[in-house]
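An overview of the molecular structure
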Amino acid sequence: MKISTCLAVALLSLSSMSAFAQDAESDLKGELKFENVTVSGGYAQGSTPMVATSEGNIVVTGTTANAMSGVGSFIAMSAKDMPATPIWTVDLAGSNIVTSIVADADGGVFIGGNFKKALSLGSIDLVGNSADDQRSSFVAHINKNGEVVAAKAFVADLNEELKSEYYTEESTVCNLSQLAFANGKLYAGFTFDNILKSSDGSKQVAASLASYYGSKMAAKTYTIAQIDLNNMGIVDFPVVFGGKEDSAPVYEGFEAGPTRFVIDGSTLYLAAQTAGYTPIACLWINGEFKDSKEYHYESGCINGYYLAKIDMATNTLVASQAYDGVYTYKSGSAERALNSLEFVDGNLVLAGSFIQKCPLMPSIEAVGNSDLFVATLDKSDLSVKKVLSSKYDETDGGT
């Protein structure tokens, strides 16, 4: 039994929990034994996304805390009654991590994530960016029997305007954060720089450009791409969120931060974190410019969120909101993120973390440098209904 299969058994014994995480790195040395199989080393096991299939089985994914430096991931299916042994497992060989998993309509799953250099899933081998420090993305389809029926790698192409001895094909970034399967269509959310193309090369999206004292550079941009259900390739780019090209002659440029989306019927809801140096965010739908919002820039940071409601059937922007938290510098300020956008009992719920002041409700300030938050939004116009924060002071141990 392979290491990843052994870890699958361990995860399945815990998968009845609604959510769990072991996200810390470990330097502990020892042995972990399951069913007469021994795993030795200093690796910390962690869980990545899980999902219930259309037939009610549970599919979990897992990795190790240092997966991006050389240890692989795995997928495993368990029956409804959670037996000790999984129905099947699929090993993902290569430095990778699974970031999203959704159920298909026939008892299988779609998985997506990121990897370095090369990745093997079942009998399919994928090749990514050859640089040691850059990620490529992948999407794969696994049927209910555990067979990898299709998989595709995604690598951003270099914008020729940026090509130099310091900016090469190996400098590009492509990062997959989320999948969604709705109305018989599969969508993937990518953060990328430079150029991302459809699999047949007929369509492409280009990241916005910024300038560094006269030298151009790519700014991170976000797109929601439609994925071909047969070969997992990109078909189209219905939504793009990023900055305005060549916005200033010095080091300025808007960048899309962590972004989440959820689909309800034909309506797509998007929540994006704003970042970078130029406080203007732009939205394109089906290749057409639809919206821009301006944010406050202070102390080297934009601390805001952009929310949009999009009718995918008519390519119409129904509503949008810019929430600006304003940023005041504090030593040791922590990271901020948008981690979840979901419908809960009919309410649109956004959750994540913020620094200093919560963009959704600036009257709420972090107790230390940052706090967690959960907010309910009016799905008609994306206005804020209620915000709760953790009020946890990490600077003194949370007392």
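First things first, this report covers the structure right here in the doc. Remember, it's a predicted structure, so these values are computed and weren't measured experimentally.

1. A few points about the side chain of Ser136
Among the secondary structure elements, Ser136 is positioned in strand E11 (residues 136–142). Once you skip the residues sitting within four places of it in the chain, Ser136 turns out to touch Gly113, Asn114, Phe115, Gly128, Asn129, Phe154, Val155 and Cys174.

2. Structural notes on the sheet that holds strand E13 (residues 174–182)
Across the sheet, 6 strands lie side by side as E13-E14-E19-E20-E23-E24; this open sheet has antiparallel pairing. Two strands in the sheet have a free side with no partner beyond their single neighbour: E13 and strand E24 (288–294). Sheet twist, expressed as the average angle between the axes of neighbouring strands with direction ignored, equals 25°. In this structure, strand E19 (residues 221–227) lies alongside strand E20 (residues 234–242), joined through 5 bridges in antiparallel fashion. Bridge pairing links Gln226 to Asp236 in E20.

3. Describing the environment of Gly146
Structurally, the position occupied by Gly146 is in the loop between E11 and strand E12 (148–154). Exposure remark for Gly146: the relative accessible area of 17% places this residue in the buried category.

4. A closer look at the pattern of salt bridges
Summed over the entire model, instances satisfying the criterion amount to 4 salt bridges. In this structure, Glu55 and Lys144 form a salt bridge, with 3.2 Å as the shortest nitrogen-oxygen distance. Of the two residues, Glu55 sits in the loop between strand E3 (45–52) and strand E4 (58–64) while Lys144 sits in the loop between E11 and E12, which places them 89 residues apart along the sequence. Owing to a relative accessible area of 36%, Glu55 belongs among the partly exposed residues under this scheme. The partly exposed category is assigned to Lys144, whose relative accessible area is 39%. Residues Lys290 and Glu288 are paired through a salt bridge, measuring 3.5 Å at the closest nitrogen-oxygen approach.

5. What to know about the pairing of E20
The buried fraction of E20 amounts to 8 of the 9 residues, a majority that puts the element mostly inside the structure. Here E20 pairs with strand E23 (residues 280–285) via 4 bridges, running antiparallel. Counted as the bridge partner of Phe241 is Leu283 from E23.

6. Some points on the environment of Glu294
Residue placement: Glu294 occurs in strand E24. Of the residues examined, Glu294 reaches a relative accessible area of 62% and is grouped as exposed. In this structure, the C-alpha to C-alpha distance between Glu294 and Pro279, residues 15 residues apart in sequence, is 5.4 Å. If near-sequence neighbours (up to four positions away) are discounted, Glu294 is found in contact with Pro279 and Ile280.

7. Remarks on the sheet that holds strand E30 (residues 347–357)
Taken in spatial order, the 4 strands line up as E29-E30-E31-E32 in an open sheet, and their pairing is antiparallel. With one partner strand each, in any of the chains shown, strand E29 (337–344) and strand E32 (384–389) form the two edges of the open sheet. In this sheet, neighbouring strand axes are inclined to one another by 25° on average, regardless of whether the strands run parallel or antiparallel. Summarising the sheet, strand E31 (residues 365–377) and E32 pair through 5 bridges and their orientation is antiparallel. The residue of E32 that forms the bridge with Phe373 is Ser389.

8. Side note on unusual backbone geometry
Unusually for a residue other than glycine, Asn183 sits at a positive phi of about 55°. Relative to the assigned elements, Asn183 resides in the loop between E13 and strand E14 (185–192). The phi dihedral of Met232 falls on the positive side, at around 70°, and the residue is not glycine. Among the secondary structure elements, Met232 is positioned in the loop between E19 and E20. For Met232, a relative accessible area of 0% translates into the label buried.

9. Looking at the pairing of E31
By the bridge criterion, 9 bridges tie E30 to E31 in an arrangement that is antiparallel. By the bridge assignment, Leu350 is partnered in E31 with Ala375. Linking E31 to E32, which pair antiparallel, is a turn of 6 residues; within it Leu382 sits at a positive phi near 65°.

Parameters and conventions
Per chain, the residues get numbers from 1 upward, laid out in the order the sequence is written. Only residues with pLDDT of at least 70 are given local features in this predicted model, and only at 80 or more are side-chain atom pairs given and counted; all residues enter the totals for whole chains, interfaces and linings. Calculated side-chain values reflect all of the structure's heavy atoms, with hydrogen atoms and water omitted. Only DSSP runs of H or I reaching four residues or more are called helices, and only runs of E reaching two or more are called strands; each is numbered from the N terminus. Note on contacts: a residue pair is in contact if any heavy atoms of the two residues lie within 4.5 Å. Strands are labelled as partners when DSSP assigns at least two bridges between them. Each axis is a line fitted through C-alpha atoms, taken for helices only over the stretch in contact, and angles between the N-to-C directions span 0 to 180 degrees. Type-normalised accessible area, obtained with a 1.4 Å probe on protein chains alone, sets the label of each residue: buried when under 20%, exposed when over 50%, and partly exposed for intermediate values. Any carboxyl oxygen of Asp or Glu within 4 Å of a side-chain nitrogen of Lys or Arg constitutes a salt bridge here.

Note that all results are geometric; they support no functional claim without further evidence.
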